[in-house]
Structure formats: structure tokens, C-alpha cells
Amino acid sequence: MTVLQLQPFILAFAMILGAWLVKFIKEGYQWRKKFQDTSLDLPCPPHHWILGHLPVMVKLFQKIPRDAHPHIYGAVIGPEYKLPKFYYMDNWPYGPSNLVIIDPEIAQQVTVLTSYDKHPELMRFTKPLAGDNNLVSVNGETWKKWRRIFNPGFAIGHLMGLVPEIVEDTEAFVKALGKFADSGAVFRLEDTATRFTIDVIGRVTMDVQFHAQETDHPLIKAFRSQVRWLPRDLTPNPFYSLNPIRRFMMRRNIKIMRGFLDAELEKRLATFDFTLDPNSPESRKKKSVIDLALQEYLKEARSEGRVITKLDKEFKENAITQALIFIFAGHDTTSSTLCYIYHLLSKHPEALAKIRAEHNKVLGPDPSAAADIIRNDPHIISRLHYTLAVIKETLRMWPAASTVRSGAPGKNITDPETGKTYPTDGFLVWPIVFGIHRNAKIWPRPAEFIPERFMPDPPEELVPLPNAWRAFEKGPRNCIGQELALIESRIAVALTIRTFQFEVQYDDESWRDKVVEFDGKPEVPGTFEEGLKPEQGKIDNFMGDKAYQVLLGTAKPKEGMPVVVRRVKVY
């Protein structure tokens, strides 16, 4: 083909490129102008006309580990630049510009008083994990419908009936920890805790036993692979989404996950009686979340005059989608929380002594008898007040995630002190739970681990501002699985904390050469990459703690929190 023949193609390409450049420059100018507009008076760090807030992030890279979770950066910027209860960040062109909220009263404005829609960025993030219409990201009537259908399965009264099954999976967790204790090996606590929580979620949601603590289940392998192909730090990488291997692996993983759940759902419902009255006592005997959701779905269909005699495509697709998002959201919150509970208690012997004393008092002096006691009397865990306080304080210091909402025209936030309004249109509205939970103007002594602040009658000097604890967010879009997380965490802690002592291994420079996988075999290099490898002379801790959170799906402990576990005797 001659140059003359190529000219039309070259001209067309040049026109497309030119149009893109014009749009790019115009969009960039509009964002930079908005932040420089003194009439808007947007509170923000020092802003550069060309680079936006990139210099701010580069400066923070000198103080905070580069692979730290974004919510750590978001929480630090406010105090660093003496900004008020909220501030704006110009992130163009690397991502959406943010309205960052670090005050509970303003957070209430966008989550409770008016529940803003979830931001499209969240769907872009969760779609590869679960698909469209997942409850974490979808909005409007679709969200209302499926939240209403799945609510009964996560009601606390229903979940308490599943405690015996949760105890059984926790016993497998105790057994796994015991093997590590007997071998003295270094292992990644986050992986072990994740396998436990996935087993629980499989039971609760679909009445399926994954046996993830004993075997490398294909669904779990695909799921964890999928999470690892998600972006994991703040470094802009324009070629990330173009990686053909990433695209292939993510398609392969989602096919494996949805295929397995599809088969399980068909098997689970093969004997389902679609003629059963959803309001009858017999229908209430169904125990899994999916069972109860199907009952609600049938009830809605009958109220609309539809008669369903077999599993239809709409319910099936949405059931698989929600099961995947429950696995993702549920395993992240509880597994990470358990890691930090053990870590914080190992650093605070006085709190460790208190929680063990409570277990001796409520569950009896023999730790090996605690499983049967809880199994036979599930409501006994409601008497573990200090245990719940430890869990909530851990979630205060190391929350797993924050909500992200879409700003919109006509929707403004109001500074409660001045009454002045500020725009949200065009911004990703981000109430950073990490920042709210570590805000010294809201929480007395926020850097300290003080479970007593969550006891039924806390000391007056430890009481924070109203609505300050937001580990599961507030309002209609709060976490559907929060009660399960708290039940599961209490049982796990009750069955382990008097038997094991955990010691993190970050300071042992050779731990990576000694780490083993769940089956006791040496870890295959590259299997886990939870955070960047420490670099000589670079920051490797946050506020003195090397177990800081990194972005891997949600907030995970750095490198999976390598530990050695030892057996202890508590009398």
C-alpha cells in the first residue's frame, strides 16, 4: 500500500487524535479552573494549575508507605494541611476528583439525611468480582428490590439459628491454627482467616461447604486470583487495563466462579417446592440466605400476579451475583478484622488478660468446652461485652472499607459550623471511615487501642461524637452482613484467644524464606503479593506499625500479616 493510499487512514487517525486531545485539554482546564476559582472557595491542599494535587501525593510518599491503602492517605491529608472537616482533591486525569469527608455529621448528610447513589467507580471495581446488579454498587429500584429480597437471610434472629454451623467452621479454624502452632512455621494469618470466613459465608449464603480450610477449592482459587488482578496501589498505571493477560485471567476466573455457583444453585434447588406458600411455617424452615431470598422472590412474584414454577433466569443470575459479592465483602471484613484483633491484643497484654478473663467467666475455665457451650446456647455470645468492645475498637482503628458516593447537581453539603454550602456535582464523595475513626476532634486519644470506649457504660472522657463509629456505614446503604460479621468474629475470638498467642514476623528479615501455605508446604514464590516488597531506605510503617493496610480488594494487612502462633494455657 502506497503512502498516497494510506493518507485517508492517517488523516482519520489524526482527526480522532486531535478531537481526543481537544477534549482532554478542555476537561483538564475545567477541573483546574474549578479548584482555582476563589468564588467557590473549595477547601483543599495547595493546588497546582498544571499538576493539580499530584505534588501533594508525591510529598506524602515520603512520609507514608507507597503501597498503603488510599484511605490512609486520605485520612492524613486533612491534618497535614490543617484542613477542616472535609476537603477537595483534584485527581484529574488519574481518577475522579474527590470530596473527602472526615467528620461524622457531614457523613450523615450524604449517607442518611440524603442517601447519595453509589459512585460508578465502585461498579467498575466490583463488576469483575461479582457482575452487574451487585448490592454493593447498584442503585435505584434494582438495589431496593434485591436488598429487600436478601434482607431476611441476614436478620440477626435468623443468623443466631446458624450459630452451630458457624461453630463447626470455627473448630476447623482452631484445628488449622493448631497445626501451625505444632510446626512453629511462619504463615500468613490473613490467608488462614480468609479460608475460615469463606467457609462460613458458603454455609450461611448457600448451605454449601467449601472446605476451604482443608483444600484449595477451585472457586476460592479463582476468587483470590480475581482480587489480585485488581489495582492495588496509588501509582497511576495507564497500561494496567490494557494488559491482555489480566483480561484473560479475569474472564477465566469469573467463568469458573459463576459456573461453580450455577451448578451448586441448580443442585440446591433441584428439590425445591415452588408450590409451597412462602408465608407458611414450612417455608420458614429453609435456612440459607439463598433459600430465604427465593422465598421473598416468590412472595413478590405472587403479589404481582406472577406464578413461578421453576427457577427463572432473573433470580438465578442475581443469586449468583449476590453470592459472589457476599463472599467478597464478607471475607474481607471478618478476615482482616481477626488479623488485627490478634495483632492488637498481642501488643496490649492488659486487654488480652481482660478478654481472657471474660471468656473464663462467661464460657467457663476450660477453653476446649467453649465450642459446645456456644453451640448449645448461641445467645451466650451476647454476654461477651468486652469481646465485642475489642472487635469494635479494632474496626475503629483498622476499618476494612468506606463508601463512595456520586455527587450531583443541586446536592450540596453544609458546613455545620458556618452554614455555608459546598458543591458535590462531579465529585466522588468519599466519607473516609479511617479518617473519621482517627480524627482527634471526634475521638479522645484516637491513636490508642482502648476497647473500654465501646463498653455498655464507657467512661465519659472516652465517649466520641454521635455517629462517629461507621465501620459498616450508616443509613439505608449500610452493610447487609454486619450482624454476621460481629457474630462470626465473637465466636472465632472466643474459641481461639485462650488457646493461642500470635507473634507478627515483620522484623524477621528472613520470614519470606520460611513462610508456608495452608497445607504446611513451602509457599510458592509469587502466590501472595499483598503489598510491595520493602525497599531500602523507604518508609515501611504507618505510625510505627508495619502491619499497615494495603489495597487488595479492600483493606488488607501488609503481606498477609506473617505470624508465628504458639499454644498457651490460660487458667
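Scroll up to find the structure this text is about.
Residues numbered from 1 in each chain as written. Predicted model: local features only at pLDDT ≥ 70, side-chain atom pairs only at ≥ 80, totals over all residues. Heavy atoms only, no water.

Topic: the overall build of the protein chain
Let me state the cut-off plainly: Numbering of helices and strands runs from the N terminus; a helix is a DSSP stretch of H or I covering at least four residues, while a strand is a stretch of E covering at least two. For the radius of gyration, the atom set is restricted to C-alpha positions; the globular benchmark scales as 2.2 Å times the number of residues to the power 0.38. Whether a residue is buried, partly exposed or exposed follows from its accessible area with a 1.4 Å probe, protein chains only, as a fraction of its type maximum: under 20%, in between, or over 50%, in that order. Contacts are assigned to residue pairs with any non-hydrogen atoms lying within 4.5 Å of each other. Only the protein chains shown count as cover for residues, and all accessible areas are computed by the Shrake-Rupley method using a 1.4 Å probe.
Assigned secondary structure in the protein chain consists of 19 helices and twelve strands. Taking 25 Å as the expected radius of gyration for a compact globule of 571 residues, we find that the protein chain reaches 25 Å, a close match to that expectation. Along the first, second and third principal axes, the C-alpha set of the protein chain runs to 80 × 60 × 55 Å. Counting over 571 residues, the protein chain shows a buried share of 54%. At a minimum sequence separation of 6, the contacts of the protein chain that also span at least 24 residues come to 73%. In the structure as shown, the protein chain presents an accessible area of about 25700 Å², 58% of it carried by carbon and sulfur atoms.

A closer look at the pattern of salt bridges
Here the idea is simple: oppositely charged side chains can pair when their charged atoms come close. In plain terms, the rule: Salt bridges are defined by distance alone: a side-chain nitrogen of Lys or Arg within 4 Å of a carboxyl oxygen of Asp or Glu.
Applying the stated rule across the entire model yields 35 salt bridges. The residue Lys556 makes a salt bridge to Glu190 at a minimum N-O spacing of 2.7 Å. Residue Lys556 is found in strand E11 (residues 554-557), and its partner Glu190 is found in helix H9 (residues 189-206); the two are separated by 366 residues along the sequence. A single burial state applies to Lys556 and to Glu190, both of which are buried. Between Lys514 and Asp508 there is a salt bridge, with its nearest N and O atoms 2.7 Å apart. According to the relative accessible area criterion, Lys514 is partly exposed, its value standing at 42%. Here the salt bridges do not stand alone but share partners, grouping Glu190, Asp191, Arg195, Asp216, Arg224 and Lys556 into one network.

Some details on unusual backbone geometry
With glycine set apart, most residues show a phi of negative sign, and most peptide bonds adopt trans. Put simply, Trp92 and Pro93 share a cis peptide bond, and its omega is 5°. The residue Met561 is not glycine, and still its phi comes out positive at about 50°. Among the secondary structure elements, Met561 is positioned in the loop between E11 and strand E12 (562-567).

Notes on the nonpolar core
For clarity, the cut-off: For the purposes of this section, nonpolar cores are sets of buried Ala, Val, Leu, Ile, Met, Phe, Trp, Tyr and Cys residues that join through side-chain atoms within 4.5 Å.
Among the nonpolar cores identified, the biggest contains 155 residues, and Tyr88, Phe150, Leu189, Phe326, Leu345, Ile374 and Ile491 are the most heavily contacted of them. Leave out the neighbours within four places in its chain, and Leu345 touches Ala351, Leu352, Ile355, Val390, Phe449 and Ile497.

A closer look at the pairing of strand E10 (residues 549-552)
The criterion, for reference: Strands qualify as paired when DSSP identifies two bridges or more between them.
Of the two faces of E10, the one carrying Gln549 and Leu551 and the one carrying Val550 and Leu552 are both buried. Pairing of E10 with E11 involves four bridges; the strand directions are antiparallel. Looking at E11, one finds that Gln549 is bridged to Pro557. Two successive antiparallel strands, E10 and E11, enclose a turn made up of one residue, where Gly553 displays a positive phi of approximately 85°.

As for H9
Note the threshold: Multiply 1.5 Å by the residue count of a helix minus one, and that product is the helix's expected span.
Taking 1.5 Å of rise per residue, the 18 residues of H9 would be expected to cover 26 Å, and the 26 Å separating its terminal C-alpha atoms lies within 8% of that figure. Along H9, 18 of the 18 residues are buried, which leaves the element largely enclosed by surrounding structure.

Side note on the environment of Leu345
Secondary-structure assignment places Leu345 in helix H13 (residues 313-347). C-alpha of Leu345 to C-alpha of Ile497: the two residues are 152 residues apart in sequence and 9.2 Å apart in space.

Concerning the packing of helix H6 (residues 140-150) against helix H12 (residues 289-303)
Angle between the axes and distance between the axes: these two values describe a pair of packed helices. In plain terms, the rule: Convention adopted: a line fitted to C-alpha atoms gives each axis, helices being fitted over their contacting stretch, and angles between N-to-C directions are expressed from 0 to 180 degrees. Should an angle fall under 35 degrees it is called roughly parallel, over 145 degrees roughly antiparallel, and 65 to 115 degrees roughly perpendicular, with every other angle called oblique.
Interhelical geometry of H6 versus H12 gives an angle of 120° and a closest axis separation of 7 Å. In terms of orientation, H6 and H12 fall into the oblique class. Only Val289, Ile290, Leu292, Ala293, Glu296, Tyr297 and Glu300 of H12 make contact with H6, whose side of the interface consists of Lys145, Trp146, Arg148, Ile149 and Phe150.

Concerning the pairing of E12
In this sheet, E12 lies alongside strand E3 (residues 186-188) in antiparallel orientation, the contact comprising two bridges. Across the sheet, Phe187 pairs through a bridge with Val563, a residue of E12.

Description of the sheet that holds E12
Taken in spatial order, the four strands line up as E8-E12-E3-E9 in an open sheet, and their pairing is mixed. Each having just a single partner strand, strand E8 (500-504) and strand E9 (515-516) make up the two edges of the open sheet.

What to know about the side chain of Gln505
As for its position among the elements, Gln505 is in the loop between E8 and helix H19 (511-514). Judged by its relative accessible area of 12%, Gln505 is buried. What Gln505 contacts, discounting residues up to four positions off in sequence, is Val186, Trp511, Pro562, Val563 and Val564.

Digging into the sheet that holds strand E4 (residues 405-406)
With mixed pairing, four strands are arranged side by side in an open sheet as E1-E2-E7-E4. The sheet is open, and its two edges are formed by strand E1 (86-89) and E4, each paired on a single side. This element, helix H3 (residues 70-80), spans E1, strand E2 (98-101) and strand E7 (428-431) of the sheet and lies at about 115° to E1. Across the sheet, helix H4 (residues 104-113) lies against E1, E2, E4 and E7, angled at about 125° from E7, the strand it touches most.

Some thoughts on the environment of Gly419
On the secondary structure map, Gly419 appears in the loop between strand E5 (412-414) and strand E6 (421-423). Residue Gly419 is classed as partly exposed on the basis of its relative accessible area, which comes to 46%. Between the C-alpha atoms of Gly419 and Gly553, which are 134 residues apart in sequence, the distance is 37 Å.

Let's talk about a nonpolar patch on the surface
Under the convention used in this document: Each patch is assembled from residues with relative accessible area greater than 30% and no salt bridge, linking like charges that lie within 9 Å and nonpolar side chains (Val, Leu, Ile, Met, Phe, Trp, Tyr) that lie within 5 Å.
Together, Phe13, Leu17, Trp20, Leu21 and Ile25 make up an exposed nonpolar region whose accessible area comes to about 530 Å². Tracing the chain through its elements places Ile25 in helix H1 (residues 3-36).

Section: H12
For H12, with 15 residues, the first-to-last C-alpha span of 21 Å sits near the 21 Å given by 1.5 Å per residue. Burial within H12 is extensive, with twelve of its 15 residues counted as buried. Listed as buried for H12 are Val289, Ile290, Asp291, Leu292, Ala293, Leu294, Gln295, Glu296, Tyr297, Leu298, Glu300 and Ala301.

What to know about the state of the cysteines
Definition in use: Two cysteine sulfurs form a disulfide in these notes if their separation is within 2.5 Å.
Considering all chains together, one arrives at zero disulfides under this definition. Cys479 supplies the cysteine sulfur nearest to Cys339, a cysteine that is in no disulfide, at a spacing of 18 Å. Residue class for Cys339 comes out buried when judged on its relative accessible area of 0%. On the basis of relative accessible area, Cys479 is assigned to the partly exposed category, the value being 29%.

Thoughts on the packing of aromatic side chains
We apply this condition: Working definition: a ring pair exists when centres of Phe, Tyr or Trp rings (six-membered ring for Trp) sit within 6.5 Å. Plane angles under 30 degrees give stacked, over 60 give edge-to-face, the rest tilted. Definition used: whenever NZ (Lys) or CZ (Arg) falls within 6 Å of the ring centre and also within 35 degrees of the ring normal, the charge is taken to sit over that ring.
Using the criterion set out here, one finds 27 aromatic pairs in the structure. Measuring from ring centre to ring centre gives 5.9 Å for Tyr29 and Trp49, while their planes differ by 25°; the resulting arrangement is stacked. With a gap of 20 residues between them, Tyr29 in helix H1 and Trp49 in the loop between H1 and helix H2 (54-60) connect regions that are remote in the sequence. Judged by relative accessible area, which is 46%, Tyr29 ranks as partly exposed. Taken together, a centroid distance of 4.9 Å and an interplanar angle of 65° make the contact between Phe86 and Tyr422 edge-to-face. Of this pair, Phe86 sits in strand E1 while Tyr422 is found in strand E6, placing the two residues 336 residues apart along the sequence. The structure contains a cluster of three or more aromatic residues connected by ring pairs, namely Trp146, Phe150, Phe154, Tyr297, Phe315 and Phe326. We note Arg396 situated over the ring of Trp443; from NZ or CZ to the ring centre the distance is 5.5 Å. In this structure, Lys411 packs its charged tip against the face of Tyr116, placed 4.8 Å from the ring centre.

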